[in-house]
Amino acid sequence: MEDKYVNIIVNTEEFKRLKELKKIIDQKYSKEIVNFKRCEANYLEALEHKEYYSNFDEIVKKLSETKSILYNKLEVKEYLALERTIQEMLTNDFNELKQSISSKLGTNKTLKI
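The following refers to the structure shown. Given the structure is predicted, the values throughout are model-derived calculations rather than measurements.

**Structural notes on the overall build of the protein**
For step 1, the next point in the chain: Regarding its fold elements, the protein presents five helices and zero strands.
For step 2, the next point in the chain: Over its C-alpha atoms the protein spans a radius of gyration of 21 Å, topping by over 25% the 13 Å that the globule rule assigns to 113 residues.
For step 3, the next point in the chain: When the backbone C-alpha atoms are referred to their principal axes, the protein occupies close to 60 × 35 × 20 Å.
For step 4, the next point in the chain: Considering the protein as a whole, with its 113 residues, one finds that 19% of them fall into the buried category.
For step 5, the next point in the chain: Across the protein, the fraction of contacts at a sequence separation of at least 24, relative to all contacts at a separation of at least 6, is 59%.
For step 6, the next point in the chain: Both charge centroids of the protein, one from 21 positive and one from 20 negative side chains, sit 2 Å from each other.

**As for the nonpolar core**
For step 1, the next point in the chain: One finds Leu 18, Leu 21, Ile 25, Tyr 29, Phe 36, Cys 39, Leu 63, Leu 70, Val 76, Tyr 79, Leu 82 and Ile 86 forming the largest nonpolar core, which totals twelve residues.
For step 2, the next point in the chain: Sorting the residues of this core by element identifies helix 2 (13-28), helix 3 (30-48), helix 4 (56-71) and helix 5 (74-105) as the ones contributing at least two each.

**A few points about the pattern of salt bridges**
For step 1, the next point in the chain: In this structure the tally under the stated criterion is six salt bridges.
For step 2, the next point in the chain: Notably, a salt bridge pairs Lys 16 with Glu 13, separated by 4.0 Å at the nearest N-O pair. Residue Lys 16 and its partner Glu 13 are both found in helix 2; the two are separated by three residues, about one turn of the helix.
For step 3, the next point in the chain: Counted as one network, the salt bridges with shared partners bring together Arg 17, Glu 20 and Glu 78.

**Examining the side chain of Thr 66**
For step 1, the next point in the chain: Tracing the chain through its elements places Thr 66 in helix 4.
For step 2, the next point in the chain: When residues no more than four places from it in sequence are discounted, the contact partners of Thr 66 are Asn 35, Phe 36 and Cys 39.

**Re a nonpolar patch on the surface**
For step 1, the next point in the chain: On the surface, Phe 94, Leu 97, Ile 101 and Leu 105 cluster together into a nonpolar patch covering about 350 Å² of accessible area.
For step 2, the next point in the chain: Among the secondary structure elements, Phe 94 is positioned in helix 5.
For step 3, the next point in the chain: Look at Phe 94 and you get partly exposed, because its relative accessible area is 36%.

Conventions adopted
Residues numbered from 1 in each chain as written. Predicted model: local features only at pLDDT ≥ 70, side-chain atom pairs only at ≥ 80, totals over all residues. Heavy atoms only, no water. Helix = DSSP H or I, 4+ residues; strand = E, 2+ residues; numbered from the N terminus. Rg over C-alpha atoms; globule rule 2.2 N^0.38 Å. Buried < 20%, exposed > 50% of the residue type's maximum accessible area, 1.4 Å probe, protein only. Contact = heavy atoms within 4.5 Å. Lys, Arg positive; Asp, Glu negative; His and termini not counted. Charge placed at Lys NZ, Arg CZ, Asp CG, Glu CD. Core = buried A, V, L, I, M, F, W, Y, C linked by side-chain atoms within 4.5 Å. Salt bridge = Lys/Arg side-chain N within 4 Å of Asp/Glu carboxyl O. Patch = residues over 30% accessible without salt bridge, like charges linked within 9 Å, V, L, I, M, F, W, Y side chains within 5 Å. Areas by Shrake-Rupley, 256 points an atom, 1.4 Å probe, with all protein chains shown as cover.

Structure (structure tokens):
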């Protein structure tokens, strides 16, 4: 049953486009991705040891700038929107499943998972 559900999701146009965009983004924006990941790593390190980083605000600003550069690319925006759409699909399916199970159990309460 799980495999059938996964196949349904994987074969949606949204998921297919998500995979296409992942390839495009990885190839087209590799420099921006590396730069963002480097800044993110610097930020996480500095966040853990703020007392040793007098330039913490500068590190935060640099992370924000690199994130903005990457996330404002059209393909990245589309990718993130598709991710949200797929997540909503999964959430809706899960909620329908919970409701169905609750009704089959004959309870008046919603199943809490």
